[in-house]
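# Fold and geometry: a report
Residues per chain are reported as follows:
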Amino acid sequence: MAAVAERVFSGVQPTGNLHLGNYLGAIKRFVALQESHDCIYCVVDLHAITVWQDPEELKRHTREVTAAFIACGIDPTRHIVFNQSQVSGHAELAWIFNCVARMGWLNRMTQFKEKAGKDRENVSLGLFAYPSLMAADILLYKATHVPVGEDQKQHLELTRDIAQKFNVDFAASIAANGHGEGYFPLTEPLIAGPATRVMSLRDGSKKMSKSDPSDFSRINLTDDKEAIAGKVRKAKTDPEPLPSEEAGLKARPEADNLVGIYAALSDGTKQGVLDEYGGGQFSAFKAALVDLAVDKLGPIAGEMQRLMADTSAIDAILIDGAARARVIADQTIRDVKDIVGMVRG
Ligand code: TYM
């Protein structure tokens, strides 16, 4: 494998209702990685349309995710922020990967099974091929590290499978074109910390999600301080005091979730939270969580609102980011065309 510099890539879908799970599982970690890596953060509008989106809403949500990135602390001048459809290489490489990935691999994807449900015959072909486009997003930039929440783990394993099969299928051509033993890196998922799977505030057995019909199930990044405080106060709990050891959270999904949220928001660990609040009443812990959540999340909504007031400034950020992304992407597409055997000018 040719030596590759470390590069981070990750994406967020512009499908509305960005929430605390997206923040703790992904965006907050995107911010931290800026200090140690070259980062590319993408608003994945091509992924969003695998399920029908209202065109005006799609534009608004694309700008809203961009505003959230910036409000949370991503610096689009030092790193790259753009929307996927502005760099055509994503769609081109996805097609090539559709011809590398096997039906059997995609048939195993649990997210597809969940999203398609009983209506498999009627979902878009794009929804089935979704993970192949995701592999293209990552490998177009030869990203080595991808920060995501737990729910994306299987997609990242598939990305490695596609990279590996491409490297094997075209090994001779890769070498003949001067790329050594492998063209694509085997990407490392970065799934770490106390909040890789934030659960619904109403039901500790369900993931916090953009599409849950109950707004009380999630804290939206657009919620103001009153809304945040109200949702934390109303969050489902059980009648027991908090345990002193992490093992005591095992059969208590709601308590486990809130302790994980506290730990992630305060950059600590679940055990650290229990050292402070274990043995005490839930009410005291919840009051502290209300203060912490309002303190950390409250300013994000205000900043997003300020940024959203100037959509042309947001669009300029995406256009500039896309231009810089394209420089890297175009080189990969040229290399891949040569490797696969496509005549080009
Ligand atoms: P999306 O838009 O559903 O979610 C964006 C990020 O948020 C994480 N996440 C969560 N983390 C913890 N707890 C939760 N309840 C929770 N809900 C969501 C997701 O894991 C994700 O990191 N397929 C991706 C988008 C994508 C992508 C990529 C990601 C497209 N191409 C390439 C990485 C690399 C998705 O649907 O994320």
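Bear in mind that the values here come from a model prediction, so they are computed numbers and not experimental data. (Residues numbered from 1 in each chain as written. Predicted model: local features only at pLDDT ≥ 70, side-chain atom pairs only at ≥ 80, totals over all residues. Heavy atoms only, no water.)

### Details of the nonpolar core
- One finds Y23, I27, F69 and F285 to be the most contacted residues of the largest nonpolar core, which totals 60 residues.
- Looking at this core element by element, the count peaks at twelve residues for helix α13 (residues 282-308).
- Beyond its immediate stretch of four places on either side in the chain, Y23 contacts K28, R29, C72, L221, L265, L297 and I300.
- Among the nonpolar cores identified, the runner-up in size contains 46 residues, and M109, L140, V146 and V336 belong to it. (Core = buried A, V, L, I, M, F, W, Y, C linked by side-chain atoms within 4.5 Å. Buried < 20%, exposed > 50% of the residue type's maximum accessible area, 1.4 Å probe, protein only. Helix = DSSP H or I, 4+ residues; strand = E, 2+ residues; numbered from the N terminus. Contact = heavy atoms within 4.5 Å.)

### A closer look at the site of the ligand
- Lining the immediate environment of the ligand, one finds 28 residues, of which Q13, Y130, D137, D151 and V198 sit closest.
- The separation between a nitrogen atom of the ligand and a polar main-chain atom of G21 is 3.1 Å.
- Within the contact set of the ligand, an oxygen atom lies 3.1 Å away from a side-chain nitrogen or oxygen of N22.
- Protein coverage of the free-state accessible area of the ligand, which is 710 Å², stands at 97%. (Near = heavy atom within 4 Å. Polar contact = N/O pair within 3.5 Å; in protein donor to acceptor, adjacent residues only side chain to side chain. Areas by Shrake-Rupley, 256 points an atom, 1.4 Å probe, with all protein chains shown as cover.)

### Focus: the domain arrangement of the protein
- Domain annotation for the protein reports domain 1 (7-196 + 308-340) and domain 2 (215-306).
- For domain 1 versus domain 2, the separation of C-alpha centres amounts to 30 Å.
- Across the interface of domain 1 and domain 2, roughly 1500 Å² is buried in total on both sides, 71% from carbon and sulfur atoms.
- Summed over the three residues of domain 1 that lose the most area to domain 2, namely L20, A71 and P194, the buried surface amounts to 34% of that side.
- The salt bridge partner of D267 is K28, with a shortest N-O separation of 2.5 Å. (Domains from an automatic or database assignment. Buried area = accessible area lost by both parts, 1.4 Å probe. Salt bridge = Lys/Arg side-chain N within 4 Å of Asp/Glu carboxyl O.)

### Brief notes about the pattern of salt bridges
- Scanning all chains against the criterion turns up 20 salt bridges.
- One salt bridge in this structure joins K231 and D223, with 2.7 Å as the shortest N-O distance.
- Given the relative accessible area of 9%, D223 is considered buried.
- Within this structure, D215, R218, D223 and K231 form a network of salt bridges that share partners.

### As for the pairing of strand β2 (residues 38-43)
- Within β2, five of the six residues are buried, which leaves the element mostly enclosed by the surrounding structure.
- Summarising the sheet, strand β1 (residues 7-12) and β2 pair through six bridges and their orientation is parallel. Considered in β2, the bridge of R7 is made with D38.
- The parallel pair β1 and β2 is bridged by helix α1 (residues 20-33), and the resulting crossover is right-handed.
- Direction of pairing for β2 relative to strand β3 (residues 80-83): parallel, over a ladder of four bridges. Bridge assignment links C42 to a residue of β3, and that residue is F82. (Pairing = 2+ DSSP bridges. Right-handed = clockwise from strand over helix to strand, strands pointing away.)

### Points about the side chain of H47
- Examined against the element boundaries, H47 turns out to sit in helix α2 (residues 45-48).
- Aside from chain neighbours lying at most four places away, what touches H47 is Q13, Q84, Y130, L133, M134 and D137.

### Things to note about the packing of helix α3 (residues 55-72) against helix α14 (residues 311-340)
- The contact between α3 and α14 brings their axes to 10 Å, and the two run at 80 degrees. By the criterion of interaxial angle, the relationship of α3 to α14 is roughly perpendicular. Residues T62, R63, T66, A67 and I70 of α3 form the contact with α14, whose participating residues are T311, I314, D315, I317 and L318.
- Tallied by class, residues from the contact of α3 with α14 come to five nonpolar, three polar and two charged. (Axes fitted to C-alpha atoms, helices over the stretch in contact; angles between N-to-C directions. Parallel < 35°, antiparallel > 145°, perpendicular 65-115°, else oblique. Nonpolar A, V, L, I, M, F, W, Y, C, P; charged D, E, K, R; others polar.)

### Focus: the packing of aromatic side chains
- With the rule as written, the count across this model stands at 15 aromatic pairs.
- Between F9 and Y141 the ring centres are 5.5 Å apart and the planes differ by 10 degrees, which places this aromatic pair in the stacked class. With F9 in strand β1 and Y141 in the loop between α7 (125-140) and β4 (145-147), this pair connects stretches of sequence that are 132 residues apart.
- On the accessibility criterion, F9 (3% relative accessible area) is buried.
- The exposure class of Y141 is buried, given its relative accessible area of 1%. (Phe/Tyr/Trp six-rings, centres within 6.5 Å; stacked < 30°, edge-to-face > 60°.)

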